[in-house]
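An overview of the molecular structure
Given next are the chains, with one letter for each unit.
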Amino acid sequence: MEVGTEPSGGTIPDGIALDADSRIYVADIGASAVKRILSDGTIGVLADGVPAGLDLPTSISSGFGATEGTLYAVNLANVEAFSTGFGPALVAIDVDLPR
């Protein structure tokens, strides 16, 4: 995805965070995923779907520091999720894991 272009494939970016290494993190509510964009433009998925605690991720924030590599995403969850006990939550994602 390039800045200024139309998203494709169900992508609906809804939150953004940056880290000290010029990586961009995007909450993609359309794909139910959190993605990382490297400085060379490579896009990877950090976490996606219900197994990762994500259904409708939005409003991400970083907790980056000298020793911390955690990204936090607010998960809205859809109506069907409430019947299974899976609902709105703050989800912590370890960004140091290789993806």
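It should be emphasised that the depicted structure is a prediction, and the values quoted were computed from it without experimental measurement.

Turning next to the overall build of the chain. For the chain, the count of helices and strands is 1 helix and 7 strands. Written out in order from the N terminus, the α and β elements of the chain read β-β-β-β-β-β-α-β. Residue pairs in contact within the chain that sit at least 24 positions apart in sequence constitute 32% of those at least 6 positions apart. With an accessible surface of roughly 5700 Å², the chain has 56% of that area assigned to carbon and sulfur atoms.

What follows concerns the sheet that holds strand β5 (residues 57-62). Ordered by their spatial adjacency, 3 strands build an open sheet running β5-β6-β7, and the pairing between neighbours is antiparallel. Only two strands of the sheet have a single neighbouring strand rather than two, namely β5 and β7 (89-94). Pairs of neighbouring strands in the sheet enclose a mean axial angle of 25°, with direction left out of account. Taken together, the 4 bridges between β5 and strand β6 (residues 70-75) define a ladder with antiparallel strand orientation. Bridging across to β6, T58 finds its partner in V74.

Strand β2 (residues 24-28) sits mainly inside the fold: 4 of its 5 residues count as buried. Judged from the 5 bridges that link them, strand β1 (residues 13-18) and β2 form a sheet pairing that is antiparallel. From the neighbouring strand, I16 faces β2, where its bridge partner is V26. Between β1 and β2, which pair antiparallel one after the other, the connecting turn spans 5 residues, and S22 there sits at a positive phi close to 65°. Judged from the 5 bridges that link them, β2 and strand β3 (residues 33-37) form a sheet pairing that is antiparallel. Looking at β3, one finds that Y25 is bridged to R36. The hairpin turn running from β2 into β3, its antiparallel successor, is 4 residues long, and S32 in that turn takes a positive phi close to 50°.

This brings us to the nonpolar core. If you look at the biggest cluster of nonpolar residues, it comprises 13 residues, and the most contacted ones within it are Y25, V34, L46, I60, L71 and I93. Where this core is concerned, the elements lending two or more residues are β2, β4 (43-48), β6 and β7.

Attention now moves to the sheet that holds β3. The strand order across the open sheet built from 4 strands is β1-β2-β3-β4, with neighbouring strands paired in antiparallel fashion. Both edges of this open sheet fall to β1 and β4, since each of them pairs with a single strand only. Strand-to-strand, the axes of this sheet are offset by a mean angle of 25°, without reference to chain direction.

This brings us to the pattern of salt bridges. Oppositely charged side chains can form a pair if their charged atoms are brought close together. Overall, the coordinates contain 2 salt bridges when judged by the stated rule. Between D19 and R23 there is a salt bridge; the shortest N-O distance is 2.6 Å. Its relative accessible area of 10% is what places D19 among the buried residues. What makes R23 partly exposed here is its relative accessible area of 23%. Between K35 and D28 there is a salt bridge, with the nearest N and O atoms lying 2.8 Å from each other. Each member of the pair, K35 together with D28, is buried.

Cut-offs and rules
Residues numbered from 1 in each chain as written. Predicted model: local features only at pLDDT ≥ 70, side-chain atom pairs only at ≥ 80, totals over all residues. Heavy atoms only, no water. Helix = DSSP H or I, 4+ residues; strand = E, 2+ residues; numbered from the N terminus. Contact = heavy atoms within 4.5 Å. Areas by Shrake-Rupley, 256 points an atom, 1.4 Å probe, with all protein chains shown as cover. Pairing = 2+ DSSP bridges. Axes fitted to C-alpha atoms, helices over the stretch in contact; angles between N-to-C directions. Buried < 20%, exposed > 50% of the residue type's maximum accessible area, 1.4 Å probe, protein only. Core = buried A, V, L, I, M, F, W, Y, C linked by side-chain atoms within 4.5 Å. Salt bridge = Lys/Arg side-chain N within 4 Å of Asp/Glu carboxyl O.

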